Structure formats: structure tokens, C-alpha cells
There are 2 protein chains.
Amino acid sequence: MTTQLHTNGLDLNQIQELVGVLQADPTKAQTVWRSRIHWKQGFQNEFQSRHAPITVDEPQALSGSDTGPNPAELLLGAMGTCLSIGYALNATARGITLEAMDLELEGDIDLMVFAGLREEGNPGYSGVRITAKIKSDATPEQLQSLHEHVLRTSPICSTVARPVAVEARVEPLA
Amino acid sequence: MTTQLHTNGLDLNQIQELVGVLQADPTKAQTVWRSRIHWKQGFQNEFQSRHAPITVDEPQALSGSDTGPNPAELLLGAMGTCLSIGYALNATARGITLEAMDLELEGDIDLMVFAGLREEGNPGYSGVRITAKIKSDATPEQLQSLHEHVLRTSPICSTVARPVAVEARVEPLA
């Protein structure tokens with residue numbers, strides 16, 4: 001296997017080829033993603049997709065054993081890495097060289113509904129705030145334009161910002 | 001530190017104490033969660049909350065270096081572990097003993113918007129399907145009731161199911 005790393009560690013030719021494939025046949029852009037969760041004990045779980053399992057737990061203050069990030073942190077991680085990947089992709093496509101990129105995310109959850117203390121209300125994040133710090137050769141205007149495009153087209157930030165159909169069912173195992 | 005593990009590996013007394021604290025002072029239920037993302041190169045990032053960094057990347061088919069799950073998988077992991085934690089919490093509160101619990105999640109993303117090939121449309125998940133398989137001493141009716149409560153009160157599944165305010169800004173670094 002030969003890997004050619006170009007601007008920002010990405011092979012723009014390979015990306016343009018991929019975009020060409022999707023353009024020629026949009027059914028190839030229909031992707032399905034999967035994950036399995038295996039409960040260990042208490043609030044400790046292993047989450048696994050195509051790679052090694054990742055331990056997810058709750059902090060001790062929430063009665064967990066604190067052996068990994070919790071689901072609320074994992075969600076922020078998904079949003080932030082989605083933006084970072086979007087910046088890398090679109091910076092490369094626009095000829096912008098990234099030198100460094102760090103993102104900080106925070107969000108608020110009122111635990112009253114989860115704790116069973118309130119019937120009504122939003123159990124989830126009421127809002128998420130994100131700051132991206134990017135060192136690059138882009139002008140502030142180019143960076144702002146990149147940012148607006150990336151935020152608008154981010155699969156995971158869009159999933160959080162929009163209502164999404166979640167279907168869940170349980171099967172008893174004998 | 002003494003840790004007493006009761007049903008399902010959880011200390012119900014500790015949980016009831018915590019719920020009592022939130023009930024007495026609901027401002028203590030207002031939680032803020034944080035995450036930092038550090039871009040490495042290409043589509044490879046490290047996501048970190050309070051624990052060791054977790055590598056997030058894209059598969060080679062999407063021009064990544066495939067060194068970890070991608071953000072779409074991480075989101076499913078967050079949803080699934082949130083449900084698993086909800087089942088563990090509420091099963092314990094209801095006196096249900098869990099023997100085993102595994103969840104499978106899948107969801108669909110149309111990459112046309114992310115790839116810059118379509119201006120309009122949803123860049124994110126159009127839907128997520130979840131199957132929880134639970135081995136316990138609950139009757140099918142008790143399990144279904146547990147499931148409905150957990151799904152309705154899940155912070156992360158609610159975050160995905162509802163529209164959430166996402167504010168993001170970029171700061172150029174010199």
C-alpha cells in the first residue's frame with residue numbers, strides 16, 4: 001500500500017476521486033453506521049464499532065465506577081471530531097494549510113428527568129457551545145467562511161441540531 | 001474507600017441518596033459536560049474528557065487512516081451506553097436483576113451534503129434504530145415498561161430525537 005500525504009495529511013486526489021464516485025452514483029453516499037454495546041456491571045459498558053472496545057461509565061458522583069467517559073461526554077466528542085474532520089476536509093479542498101486545531105465543547109443537561117424527579121421537560125442537552133481554535137494560513141475571512149460551511153454540513157452537529165427519528169425496542173432473552 | 005455492590009453492581013442506597021440531594025436542591029441537577037478535541041493530522045483526532053484520550057478517525061474508504069471509530073459511530077456509542085445506563089439504573093430501582101444486556105444500534109447518513117455535492121438536505125442521521133437484548137428476572141411486561149421509561153428519559157437519545165441549540169465559533173490563532 002502506498003500512502004501519499006499531502007496538505008493537512010490528506011490525499012486530495014483520493015478525496016476528489018471519492019467525491020466523483022458519489023456524484024456519479026448518489027446511492028453510494030447512503031451509508032449505514034453500526035455500534036454494539038455490551039453491559040459489564042453497574043453503569044460500566046463497552047461500546048464497540050469496528051475497532052477495540054471503548055469503556056463508558058459514569059463518574060463516582062453519579063454512582064458510577066468512573067472507568068471512562070460518560071455518554072454525555074462521548075456525544076460532545078462525536079460532535080467535536082465531526083467538526084474537526086470537516087475543517088480538515090474543507091480546508092484541504094480550499095487550499096488552506098492547517099498547522100494546529102483544537103476544539104472545546106461544553107453543554108448543559110438538567111438531570112431531573114433522568115433521575116425520575118420530573119415527568120415533563122427535556123432529559124437531554126438544552127444546548128451545546130463549541131469553540132474551535134485554528135492555526136492556519138487562512139485569513140480571518142477565509143476561516144470564518146470555512147467554519148460556516150463546516151458547521152452547516154456537519155453530519156453529527158446536524159444530527160444534534162435537528163429532530164431525528166429514534167426507534168428502539170427491547171427483546172427479553174430467556 | 002468502601003464500595004458496596006448490590007443488585008446489578010449498583011449501590012441503591014447511594015443512588016437514592018443522590019436522588020434525595022437533587023430533589024432537595026434541583027440546582028444540583030444542572031450539570032455541565034465538557035470535551036476537548038485535538039487534531040493530529042488528516043481525519044485523525046484525539047477526543048478527551050476526564051479520561052485518557054480516545055482516537056477518532058475515518059475509515060480508509062472515506063480517506064481516513066482508520067485508527068479508531070468515526071464520529072458517526074461515536075454518536076451511536078453515546079446513545080447506546082446512555083440507554084444501557086438507564087436500564088441499569090431503573091432496573092435496580094425497580095428490583096429487577098439484570099443478567100446480561102447487549103444493544104445493537106444502526107443509523108443512516110446520506111453523505112451528499114457533507115461531500116459538498118448537495119446544498120440542501122439533511123447532512124446527519126435520518127434515523128437511528130436500536131435493539132436492546134436483556135436477560136433478567138423481569139416479565140416481558142415489566143421489561144417493556146422499563147424500556148419505555150428508559151427511552152423517554154434518556155439524555156442522549158433525547159438529545160438526538162429533539163432539536164438542540166448548537167452554537168459554534170472559530171478563533172484564528174496567530
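Note that this is a predicted model, so its numbers are computed, not measured.

Conventions used here
Residues numbered from 1 in each chain as written. Chains lettered and ligands numbered in written order. Predicted model: local features only at pLDDT ≥ 70, side-chain atom pairs only at ≥ 80, totals over all residues. Heavy atoms only, no water. Helix = DSSP H or I, 4+ residues; strand = E, 2+ residues; numbered from the N terminus. Rg over C-alpha atoms; globule rule 2.2 N^0.38 Å. Buried < 20%, exposed > 50% of the residue type's maximum accessible area, 1.4 Å probe, protein only. Contact = heavy atoms within 4.5 Å. Areas by Shrake-Rupley, 256 points an atom, 1.4 Å probe, with all protein chains shown as cover. Lys, Arg positive; Asp, Glu negative; His and termini not counted. Charge placed at Lys NZ, Arg CZ, Asp CG, Glu CD. Salt bridge = Lys/Arg side-chain N within 4 Å of Asp/Glu carboxyl O. Buried area = accessible area lost by both parts, 1.4 Å probe. Polar contact = N/O pair within 3.5 Å; in protein donor to acceptor, adjacent residues only side chain to side chain. Nonpolar A, V, L, I, M, F, W, Y, C, P; charged D, E, K, R; others polar. Pairing = 2+ DSSP bridges. Least-squares fit on C-alpha atoms with pLDDT ≥ 70 in both. Axes fitted to C-alpha atoms, helices over the stretch in contact; angles between N-to-C directions.

Caption draft 1: Seen up close, the overall build of chain A. Scanning chain A for helices and strands turns up four helices and six strands. Listing each helix as α and each strand as β along chain A from the N terminus yields α-β-β-β-α-β-β-α-α-β. Relative to the 2.2 N^0.38 estimate, which gives 16 Å for 174 residues, the radius of gyration of chain A is 20 Å and therefore markedly larger than a compact globule would have. Taken along the three principal axes of its C-alpha coordinates, chain A extends 50 × 40 × 30 Å. Counting across all 174 residues of chain A, residues that qualify as buried make up 52%. For chain A, the share of sequence-separated contacts (at least 6 apart) that also reach a separation of at least 24 residues comes to 47%. Summed over all atoms, the accessible surface of chain A reaches about 7,600 Å², with 49% contributed by carbon and sulfur. For chain A, the centre of its 13 positive side-chain charges and the centre of its 21 negative side-chain charges are spaced 6 Å apart.

Caption draft 2: The arrangement of the pattern of salt bridges in detail. Under the defined criterion, the tally for this structure stands at 24 salt bridges over all chains. The residue R50 of chain B makes a salt bridge to D66 of chain A at a minimum N-O spacing of 2.9 Å. A residue pair is termed interchain when its members come from two chains, as with R50 of chain B in the loop between strand 2 (44-48) and strand 3 (54-56) and D66 of chain A in the loop between strand 3 (54-56) and helix 2 (71-93). The class of R50 of chain B is partly exposed, set by a relative accessible area of 39%. Overall, the relative accessible area of 29% leaves D66 of chain A in the partly exposed class. Notably, a salt bridge pairs K28 of chain B with D25 of chain B, separated by 3.7 Å at the nearest N-O pair. Residues joined in a network through salt bridges with shared partners are R34 of chain A together with E106, D108 and R129 of chain B.

Caption draft 3: Representation of unusual backbone geometry. One non-glycine residue with positive phi stands out, namely D66 of chain A, at about 55°. Despite not being glycine, N8 of chain B has its phi angle at roughly 65°, a positive value. Here N8 of chain B lies in the segment before helix 1 (12-24).

Caption draft 4: Inspection of the interface of chain A and chain B at higher detail. Contact with chain A, which involves 124 residues of that partner, is made by 124 residues of chain B. At the boundary of chain A with chain B, total buried surface from both sides reaches about 11,600 Å², with 63% on carbon and sulfur atoms. When residues of chain A are sorted by the area they lose upon contact with chain B, W33, W39 and F114 of chain A head the list and together hold 7% of the total. For the pair chain A and chain B, the number of links is ten salt bridges. A salt bridge links R34 of chain B to E106 of chain A; the shortest N-O distance between them is 3.2 Å. Joining chain A to chain B, the criterion identifies 60 residue pairs in polar contact (both at pLDDT 80 or more). For the side of chain A that touches chain B, the element with the highest residue contribution is helix 2 of chain A, accounting for 17 residues. In terms of residue class, the side of chain A that touches chain B is made up of 66 nonpolar, 37 polar and 21 charged. By the bridge criterion, nine bridges tie strand 5 (residues 125-136) of chain A to strand 6 (residues 165-173) of chain B in an arrangement that is parallel.

Caption draft 5: Region of interest: the relation of the copies chain A and chain B. With an RMSD of 0.0 Å, the operation that places chain A on chain B is a rotation of 180° combined with a shift of 0.0 Å along the axis. As the rotation angle and translation indicate, the two copies are arranged about a two-fold axis. Here 100% of the interface residues in chain A have copies in chain B that are interface residues too; the copies meet face to matching face.

Caption draft 6: Main features of the sheet that holds strand 3 of chain B. Strand order across the open sheet formed by six strands is 3(B)-2(B)-1(B)-4(A)-5(A)-6(B), with mixed pairing between neighbours. The open sheet has two edge strands with one neighbour each: strand 3 and strand 6 of chain B. Averaged over all neighbouring strand pairs, the angle between strand axes comes to 20°, with direction disregarded. Here three bridges tie strand 2 of chain B to strand 3 of chain B, and the two strands are oriented antiparallel to one another. Note that in strand 3 of chain B the partner of N45 of chain B across the bridge is V56 of chain B.

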